[in-house]
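Given next are the chains, with one letter for each unit.
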There are 4 protein chains.
Amino acid sequence: MSERVVLAYSGGLDTTVAVRWLKQTQDLDVIALLVDVGQGGDTELLRKRAMDAGALDAQVIDAREEYANEYVTKALAANALYQDRYPLVSALSRPLICKHLAEAAHHYNARYVAHGCTGKGNDQVRFEVSLAALSPDLVVLAPCRGWGMTREEAMGYAMQHNLPISMTPASPYSIDENLWGRAIECGVLEDPFIEPPDDIWERTSDPSSAPSEPAYLEIEFRRGLPVALDGEALPFSQLVERVEKLAGSYGYGRIDMIEDRVVGIKSREVYEAPGALALIEAHAELEHLTLERDLLRTKRELERTYANLAYEGLWFSPLREALDAFIQSTEQYVNGTVRVKIESGSVRVVGRRSAASLYEMSLATYDRDDAFDHKAAEGFVKLWGLPLKTWARARRADAASPPGAGSWEGVSEK
Amino acid sequence: MSERVVLAYSGGLDTTVAVRWLKQTQDLDVIALLVDVGQGGDTELLRKRAMDAGALDAQVIDAREEYANEYVTKALAANALYQDRYPLVSALSRPLICKHLAEAAHHYNARYVAHGCTGKGNDQVRFEVSLAALSPDLVVLAPCRGWGMTREEAMGYAMQHNLPISMTPASPYSIDENLWGRAIECGVLEDPFIEPPDDIWERTSDPSSAPSEPAYLEIEFRRGLPVALDGEALPFSQLVERVEKLAGSYGYGRIDMIEDRVVGIKSREVYEAPGALALIEAHAELEHLTLERDLLRTKRELERTYANLAYEGLWFSPLREALDAFIQSTEQYVNGTVRVKIESGSVRVVGRRSAASLYEMSLATYDRDDAFDHKAAEGFVKLWGLPLKTWARARRADAASPPGAGSWEGVSEK
Amino acid sequence: MSERVVLAYSGGLDTTVAVRWLKQTQDLDVIALLVDVGQGGDTELLRKRAMDAGALDAQVIDAREEYANEYVTKALAANALYQDRYPLVSALSRPLICKHLAEAAHHYNARYVAHGCTGKGNDQVRFEVSLAALSPDLVVLAPCRGWGMTREEAMGYAMQHNLPISMTPASPYSIDENLWGRAIECGVLEDPFIEPPDDIWERTSDPSSAPSEPAYLEIEFRRGLPVALDGEALPFSQLVERVEKLAGSYGYGRIDMIEDRVVGIKSREVYEAPGALALIEAHAELEHLTLERDLLRTKRELERTYANLAYEGLWFSPLREALDAFIQSTEQYVNGTVRVKIESGSVRVVGRRSAASLYEMSLATYDRDDAFDHKAAEGFVKLWGLPLKTWARARRADAASPPGAGSWEGVSEK
Amino acid sequence: MSERVVLAYSGGLDTTVAVRWLKQTQDLDVIALLVDVGQGGDTELLRKRAMDAGALDAQVIDAREEYANEYVTKALAANALYQDRYPLVSALSRPLICKHLAEAAHHYNARYVAHGCTGKGNDQVRFEVSLAALSPDLVVLAPCRGWGMTREEAMGYAMQHNLPISMTPASPYSIDENLWGRAIECGVLEDPFIEPPDDIWERTSDPSSAPSEPAYLEIEFRRGLPVALDGEALPFSQLVERVEKLAGSYGYGRIDMIEDRVVGIKSREVYEAPGALALIEAHAELEHLTLERDLLRTKRELERTYANLAYEGLWFSPLREALDAFIQSTEQYVNGTVRVKIESGSVRVVGRRSAASLYEMSLATYDRDDAFDHKAAEGFVKLWGLPLKTWARARRADAASPPGAGSWEGVSEK
């Protein structure tokens, strides 16, 4: 009996070739596992494709709610944006796929798991590190990294072995998508001075063709998570989709950036994520209203750490757990409603309120109801500036001392 | 002979009242100093107003180029955004005004300087701390903080003393502006759930009324500073103005936020800064192309420190000097051209190139010219994930040890 | 009937004078509250002294265990050292005292609370901010800051009012102490170039007079807290005392530093804290063994934040709560035994072991049992250095481009 | 004609075997380069050994002063301690060796350079990344990582090829040392619970056998660097040696730690570095006296970044250059004299003074010369605590609202 391998199956060329290749060249029985995180497509069709390619078994896991509730919510609470821009669309889904791979490997009694990533992307890192953390004894195979086939050669292999791949000329782009957004790579996008062509966008309209009337949306948050739109309670995943549709229709949510990959290279990446960006914008602003200043400052620093670790494949790490504990503590205060205005090309917060608000009009107003103690400010400013004043005096005293006795340039002690 | 005081004069109600009040109640000879940082207005008219109010002398300092070249350039190199949003419009100009106050105090042999800030804002901090750092022996007066007049009482004082203030009903808003943007406060804006009314905007059009055709702009940077637009070399201040006009006409650049003031309160602040935001966006993206990953990461952290210190009145600090040294070192690499697309409500980078680019297509491409060593990735991933794998093994081993033997009581994995 | 004030009573000159002064000049009924955090002294004697001075009531709260278990444990888990040196001896006890002040104020139906701090220390900040956070409606009085008496004048006041203060010439030093250490201030210590005289030390011997034989101690930790010494389980407070006695007898634990106070001045501070320092040393080293690298790195950064906030009076803050949540998550792994060697003047970890150890000899050894994959290193190093290699190439390419063509004007390598 | 390789030659077994092995198996002409960074030994003897082993040429570079002045000084200014403990003894010397390797490769027209590191240590990373940054076109060989010989096999190879290695039973330890300290690895030290045996120490005496009389040393710093001892001006390298000898003779300077290597494993490391630790202690304390609070705080954070990058082989990085620019800016203030007391097992600062001191006795004293404005403190504390007070009020208000209207647990906006 052959050993078994559970393959993370996407239904595309590479993983379909991998099904056959793993069997043919490595003598492994392949279980194809397609984890549905909202990427769309006819999953049953893809499942059959894996069987036709020679899989011993093929399964589809509907992980859409799990993805929304266990991964995306955490990223939103962390306002996670890698390099301040990328909402971690693919980076978030990989650990979840790995969790199901590890479980399936256990279920099928497989010693191997496999993914279809190449050697220069981030996803290989996310797959292999997540699997090592979840199930350190599994052996991970990366056939597409190892075999060294170009895309043309993979096509040739598929034809030669009569694999069920549609032979229509493929899109020049490589796409990955799920509830939280959509990533577009390859082709002309690899020239970082060329504007992404219009035909790559699916979730965002052209800003110039946006509705001429602005739209308003009131997003209600509880403990850091959006729970209702304009007063209507919605499950998280539906709420994200609705915000995405609306914001995207106004041409909001396109990202075009140079990004530092884990493997040490810079790449040009293009995303569209109108829902993710709009919700992060609203959530972050509600934190401005409800989080104490120092807490906000430290959280903002840790958010970068969070985005980095998620991007770099370290989701199943004790650091992520500890950061989640920190964030969970902060989010107890993040309750309230944010009003956003959606116009062509922009989503902007124009109102926010909360029972937990730390904004006190009686303190902030310049009106006659002013409750702020103006006299206290005098003392405050005095001590706030005392270190600089002392420093300035020391510099001055030092400059005034006779040459040789020590000037600031080459100062000596008394 | 009376002692002298140099007053930071704006020409508004408060500082005009202060001219008379300082003379009348404190028996001080007032030198009114109006520092022009690009706030607009008829400075000669304002100068005369100060004289009419009873100043011993009144001077206008044209500091527009100094402001652009010594303050705004530094803030742009630092991508300085307080709380990730506010480009420090007022915060940047205060230290410059103080520099001129201190110089004038020296020139006029004055022991006192004065400002017109109240007790709950940030500006009092910026004035007093900057002056303490520049000239620790000067005594700073804050008449408006001390006298406790409401706006109505100040009006009354002006009428009673026949001060040359226009008595037309004033705007309900308090405005501060200069080359880098415009701040609007007070009135209905103090309710953070109410959208800012349309009539407050001057430098930004409504996104809905933007030109229907997008515009493109190629911004050339040298050593971190923009030097040319679409190939035309421009002085920095003119370049900023031109970018602001264009971006503002598309409805880009409005900011509406809850902000943490130095004095410990939250306030709702509204700004428009289309030029600042567009240039920071372009500059930051060029850094993505030209700065090495770790350098970029550390710089991004320090940028927050920079924005905080500028906001908090600590411009003339040794920390700012040291940060500038760091940034100056980084900016030697930030050369190249950024292409931005300006559409209704948005400014987005769509292209970037540089002779100093760290993007290498031969490494990044998924094409057949791929020069990346895919085999190296295998080893890299293995060691990259080794700490997590080790941690996972330890956790597992520990969970397997008999009760009492293990030290991880109750830490078993679910 | 007079209003009531609960005074944080220490039994010293200042707070004893304050009892009478508050009654006499402010017409307040004084409840003196002495919170015992392990500072020693005859608390019943001190209680009577407050009554004799004119208090309406006087209470002693034994908060030693609460202090050890709710405050010191948290500081140890955070390895909290302000400016990398000071284990927060006084800073930790103030919030606890405030908690009891607020509770007593509630119990006695008092509108006021009072402390005996002057205006230039940190303790006034800790008292007032803690009380504001715990009970924002209480009014805090600071009689000693307000009355402006020198020490001599306070003595005079005490004599004049026949207050029960011993009139023997007082120590020139100001002492504060508790379970976690001892702080010595004032007198000759205010000259930062003069060595602290021998007579100030109480908890540490002179290193030169230490026992000639080293001692060893095995400290067992569970979830980040020490639970046993040399196999003997001990309550936390007793364990701290025992470690302190032993380490102190070897001359370990003296601290002499320039410290930045909250109020903006530098002061010279002298402490002795042999127990705190030895336990932090052991605890931190056990974290080196049991915490994953990235987790350790982030924790070390947050430890500074933790020490800063505790020092700066912000104990009862949402930031402290969130940091504690982070730390609690990390400490689940900090189990094991640390062996320390105690010699004259030094406490040094010489052994550590844990069921949760992340040290794997089979990976670390250079011996023949080596399980490390040396080939993986080759790929790892290649990608680890790729960003620098790319940067070096770009710099070189740019330097080679003809003048005018390149954007790196004057950036050529030397 | 064979291609040439420049080998970093230490004179030990591995690199001597490598000379022959590179020639024999790779058909390369070997130039052996021994860079003297103060590791001691008879360099001429070692040079001949390389020739005898078959090198085409062998050179000794005396880089001791360059190491002291270009590397160690920077590390001291940065107070660089990896994981707060290790003063980077080996990590600092590797980049310098690489600089000479690259220069020699240029001189000898060699396409290859080689080092003798194995695959699990940090040094391979430092060599290969430094060389990639300095000379990206050089090909780096790592024969000892590739050949897979155990120590016994290497000995066999040496005997078989009659290589000039002394065949006396070698020390069980692996040593690396230079001006800044000494590292001891392997053997029994690989068990992290076993105390390092007495015979490994060379630069530190046993604390118990230290002189009974303490010693004092006044160290004068200029611009962050020590320039004189007890008034005697000394070149930096001599000064370091003298401090090391004195501190080491008192048993100070032993380090025993679990350390996280770049390659993802934890190792147990033992160092002795009395000079480095004593000078860092003194230098850091002088910074407490002369650096403004916020500057000190940011510098301390960056120091960790600095130590990390040096440890991780990233010395020749733009980040290191930018950090050095920051540090250079700070060190202009670090002038003055530090008095340290050296007792058995400890080096402790007991005095510090500076013409640039920011300690002002008139502000710090509790004496009658007190110049501090106690009234200002009242206002300061009020605003300092205002965010917490506001937060406490909001929490309380929220808790007081009727159930359903929103409690803190599950709060909803008004």
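As shown above, the structure is provided for reference.
Overview of the structure. (Residues numbered from 1 in each chain as written. Chains lettered and ligands numbered in written order. Predicted model: local features only at pLDDT ≥ 70, side-chain atom pairs only at ≥ 80, totals over all residues. Heavy atoms only, no water.)

**A look at the relation of the copies chain D and chain C**
Point 1. Aligned on chain C, chain D shows an RMSD of 0.0 Å; the corresponding rotation is 180 degrees and the shift along the axis is 0.0 Å. Overall, the copies show the geometry of a two-fold rotation axis. Across chain D, the smallest distance between a C-alpha and the rotation axis is recorded for Gly345(D), namely 2.4 Å.
Point 2. Interface overlap between copies is the fraction of interface residues in one copy that are interface residues in the other; for chain D against chain C it reaches 100%, indicating a shared surface. (Least-squares fit on C-alpha atoms with pLDDT ≥ 70 in both. Contact = heavy atoms within 4.5 Å.)

**Observations concerning the environment of Gly275(A)**
Residues and elements named next belong to chain A.
Point 1. Assignment of secondary structure puts Gly275 in helix H9 (residues 274–290).
Point 2. Sequence separation between Gly275 and Arg242 is 33 residues, and the spatial gap between their C-alpha atoms is 7.9 Å.
Point 3. Here Gly275 is in contact with Val240, Val243 and Glu244, once residues within four sequence places are set aside. (Helix = DSSP H or I, 4+ residues; strand = E, 2+ residues; numbered from the N terminus.)

**As for the interface of chain D and chain C**
Point 1. The interface is formed by 108 residues belonging to chain D together with 108 residues belonging to chain C.
Point 2. For the pair chain D and chain C, the two sides together bury roughly 9,600 Å², of which 54% comes from carbon and sulfur.
Point 3. For the interface between chain D and chain C, the tally reads 12 salt bridges.
Point 4. For Arg352(C), the salt bridge is made with Asp256(D), and the minimal N-O distance between the two is 2.8 Å.
Point 5. Joining chain D to chain C, the criterion identifies 38 residue pairs in polar contact (both at pLDDT 80 or more).
Point 6. Partitioning the side of chain D that touches chain C into residue classes produces 44 nonpolar, 22 polar and 42 charged. (Buried area = accessible area lost by both parts, 1.4 Å probe. Salt bridge = Lys/Arg side-chain N within 4 Å of Asp/Glu carboxyl O. Polar contact = N/O pair within 3.5 Å; in protein donor to acceptor, adjacent residues only side chain to side chain. Nonpolar A, V, L, I, M, F, W, Y, C, P; charged D, E, K, R; others polar.)

**Some details on the pairing of strand E1 (residues 3–8) of chain A**
Taken residue by residue, a regular strand's side chains alternate between the two faces of the sheet.
Residue and element names in this part refer to chain A.
Point 1. As judged from the 6 bridges shared by E1 and strand E2 (residues 28–36), these two strands associate in the parallel manner. Bridge pairing in E2 links Leu7 to Ala32.
Point 2. For the handedness criterion, the β-α-β arrangement of E1, helix H1 (residues 13–26) and E2 is classed as right-handed.
Point 3. Relative to strand E4 (residues 112–114), E1 runs parallel, the two being bridged by 3 bridges. From the neighbouring strand, Val6 faces E4, where its bridge partner is Val113. (Pairing = 2+ DSSP bridges. Right-handed = clockwise from strand over helix to strand, strands pointing away.)

**Let's talk about the side chain of Asp123(A)**
All names here are of chain A.
Point 1. As for its position among the elements, Asp123 is in helix H5 (residues 123–134).
Point 2. Classification of Asp123 as buried rests on a relative accessible area of 19%.
Point 3. One polar contact links Asp123 to Arg94, side chain to side chain, over a distance of 3.0 Å.
Point 4. Separated by 2.8 Å, the side chains of Asp123 and Arg126 make a polar contact.
Point 5. Residues contacting Asp123, with those up to four places away along its chain left out, are Ser90, Arg94 and Cys117. (Buried < 20%, exposed > 50% of the residue type's maximum accessible area, 1.4 Å probe, protein only.)

Nothing here speaks to function; it is all geometry.
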